[in-house]
Amino acid sequence: MNYPEELLYSKSHEWVKLEGEDALIGLTDFAQDALGDLVYVNLPEPGGELTVGESFADVESVKAVSDVYSPVSGTVAEINEALLDAPEEINQSPYEAWLVRVTGVTDKEELMDAEAYRAFAETEEN
Amino acid sequence: MKLLFELGTSGRHCDILPPCDVPEMSPECLRKKELRLPHLSETEISRHYTELEKQVYGVNDGFYPLGSCTMKYNPKINEAMAALPGFAKLHPLQPDYTVQGALELLRRTEKYLCEITGMDAMNFQPAAGAHGEFTGLLMIRAFHQKNGEKNRTKIIVPDSAHGTNPASAAMAGYTVVSVPSGEDGCVDLEKLKEAVGEDTAGLMLTNPNTVGLFDKNILEITRIIHDAGGLCYYDGANLNAVMGITRPGDMGFDIIHLNLHKTFSAPHGGGGPGSGPVGCKKDLAEFLPGPVTEEKEDGSSGFAVPESSIGAVRSFYGNFLVIVKAFAYLLTLGADGIPEAARNAVLNANYLKKKLEEFCPMAYPGTCMHEFVMTMKDLKDRTGVAALDIAKGLLDNGIHPPTMYFPLIVREALMVEPTETESRETLDEAAEGFRALYQRALENPDEIHEAPVKTPVRRLDEVRAARKPVLRYFYD
């Protein structure tokens, strides 16, 4: 499993890349591996509000549909439209396949660094 | 095999009509261009469907332990009763006085099912389980609106629930609040208490739950919801474990749905259609979809629409012939047979669980109700053989796979529900087949990745089918 050092991670397996008041959010390597081959991604409308801990998107694999929870509060500035036609990009390169860009981040949950997340993911595994 | 559209040849047909003995008319509204339908002889059509029939697998072929689906055997007497012309040839617009027998059947089935579930009123309109859920949720909304409580916008659903529960709630316009299960697989009471409030419209629960355990705190759970001002909805998917033994009405539930095509032996899946009647306590009967049956002053039966009905949720009175099949089942089993079927369903599940746990880890130890959940996580970690591979391998043993990857709270889950209609010999054979497969997975995992090898088609590319589905035939 790959967990880049420059990213922060949530307990519900999203990664966050903070860029000033903006944040990019995606699914971790652990998440895509646990979900299996993704076949559908449902993303919010740009302009919508995200709230910490609340579901903002869902992803569907051949196994199940799962909610994606927001690790931050803010406004959706942009969505990764390429994923709508090619959800497999999340499986192929989870850290390039960002889901949403959030602007005006007002709140964020307690996030882990790569090392702490690796340990957390290992306990989840078992 | 070829599709119907790829068979036949232009101009071939199988209709032999007598010569027309009235003048032919060509009204304006007639279709000008011929429909693009296949041109086939009866021989071709018959062989096509027989070929399809050979490729399917159903309860009539063998063991079908699809968890949470209650794939019990459908007694043939049900079909014979539903085929009686007095039932099969009715038209839904016939005057009531010409269908008194059918109405009596509806009323008696309602009465028996109310008795089994502890409800006071029932309606047969919903055509399947999830349709019943949606109907029940509209009734919950109508109830709160009548009481002026429009702020009740949240439906609480445990994280082990059937996926249809949150989906139905969202479709009915509710916000879904998920409550986690505790270590024991049952609802976490503390988390439930935290989740309820003035915005709680209700709770959706199935008991026994999806890991095959009877939630022992059920009275406390329904009390917490009622104290918060919400209603309790019972998903009847797992009623087979408790029918005739304990009643959702006595557990504190206000509204329920049943799956006649699961619990009451009407055909399930492709053999449908289904039937998901909704029952409720008397205080909620005014919200039932309409029409419902009623007894008229002269003692005859008719139809009426309840006072504050949410309206019709389907045409006429639901899938009537499915109700006939359930009625035949109820009469065949009777008051002793119904609980006996439930006991045997639980016994069969525990018998099989005991045999399988000798070599395969279970998600929750101890006795179960009508179904249980195994986990292939250990096997996957050791060999790379996942629940999906085992499911495919079972196909080669002539067994329909258990439900895979559900419930979501168990990793690499396989959920097994043998039902009461399987013999001890079948269960022994299935257990041995499973044991041999598990052993092969440990010794020769690559082989299992190739499974199935004996079925009409090999392993299908499910990912590609979901990503790039071909949903219709395209003409050249």
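Conventions and cut-offs
Residues numbered from 1 in each chain as written. Chains lettered and ligands numbered in written order. Predicted model: local features only at pLDDT ≥ 70, side-chain atom pairs only at ≥ 80, totals over all residues. UniProt positions renumbered as here; feature names shortened; annotations may be inferred. Helix = DSSP H or I, 4+ residues; strand = E, 2+ residues; numbered from the N terminus. Buried ≥ 20, exposed ≤ 12 C-beta atoms within 10 Å, placed from the backbone. Contact = placed C-beta atoms within 7 Å. Expected span 1.5 Å × (residues − 1). Arc of directions from axis to C-beta. Pairing = 2+ DSSP bridges. Right-handed = clockwise from strand over helix to strand, strands pointing away.

- An unreviewed UniProt entry annotates chain B as Probable glycine dehydrogenase (decarboxylating) subunit 2 of Lientehia hominis.
- Here is the UniProt Subunit (unreviewed entry) comment for chain B, exactly as written: "The glycine cleavage system is composed of four proteins: P, T, L and H. In this organism, the P 'protein' is a heterodimer of two subunits."
- Under the UniProt heading Sequence similarities (unreviewed entry), the entry covering chain B gives this text: "Belongs to the GcvP family. C-terminal subunit subfamily."

- Chain A appears in an unreviewed UniProt entry as Glycine cleavage system H protein from Lientehia hominis.
- Taken verbatim from the UniProt record of chain A, the Function (unreviewed entry) comment is "The glycine cleavage system catalyzes the degradation of glycine. The H protein shuttles the methylamine group of glycine from the P protein to the T protein."
- Reading the Sequence similarities (unreviewed entry) entry of the UniProt record for chain A gives the comment "Belongs to the GcvH family."

**Notes on the UniProt feature "modified residue: N6-lipoyllysine" (unreviewed entry) in chain A**
Line of reasoning, step 1. Mapped onto this structure's residue numbering, the UniProt feature "modified residue: N6-lipoyllysine" (unreviewed entry) falls at Lys63 of chain A.
Line of reasoning, step 2. Mapped onto the fold, Lys63 of chain A is located in the loop between strand 6 (55-61) and strand 7 (65-69).
Line of reasoning, step 3. The class of Lys63 of chain A is buried, set by 22 C-beta atoms lying within 10 Å.
Line of reasoning, step 4. The contacts of Lys63 of chain A, once residues within four sequence positions are left out, are Gly36 of chain A together with Tyr405 of chain B.

**Things to note about the UniProt feature "domain: Lipoyl-binding" (unreviewed entry) in chain A**
Line of reasoning, step 1. In this structure's numbering, the residues bearing the UniProt feature "domain: Lipoyl-binding" (unreviewed entry) are residues 22-103 of chain A.
Line of reasoning, step 2. The annotated region residues 22-103 of chain A carries 20% helix and 45% strand content, and the separation between its end C-alpha atoms amounts to 4 Å.

**Considering helix 4 (residues 100-117) of chain B**
Residue and element names in this part refer to chain B.
Line of reasoning, step 1. Between its first and last C-alpha atoms helix 4 spans 25 Å; for 18 residues at 1.5 Å apiece the expected length is 26 Å, and the two agree.
Line of reasoning, step 2. Buried within helix 4 we find Ala102, Leu105, Leu106, Thr109, Glu110, Leu113, Ile116 and Thr117. Viewed along the axis of helix 4, the buried residues span an arc of 135°, placing them on a single side of the element. Every exposed residue of helix 4 that faces more than 90 degrees away from the buried side is listed here: Gln100 and Lys111.
Line of reasoning, step 3. Remark: Gly118 follows helix 4 within two positions and exhibits a positive phi of approximately 75°.

**With respect to the pairing of strand 2 (residues 154-158) of chain B**
Residue and element names in this part refer to chain B.
Line of reasoning, step 1. With five of five residues buried, strand 2 is to be regarded as a mostly interior element.
Line of reasoning, step 2. What you see with strand 2 is no split at all: Lys154, Ile156 and Pro158 on one side and Ile155 and Val157 on the other are buried throughout.
Line of reasoning, step 3. Relative to strand 3 (residues 175-179), strand 2 runs parallel, the two being bridged by five bridges. By the bridge assignment for strand 3, Pro158 is matched with Val179.
Line of reasoning, step 4. Crossover strand 2 to strand 3 through helix 6 (residues 164-171) is right-handed.

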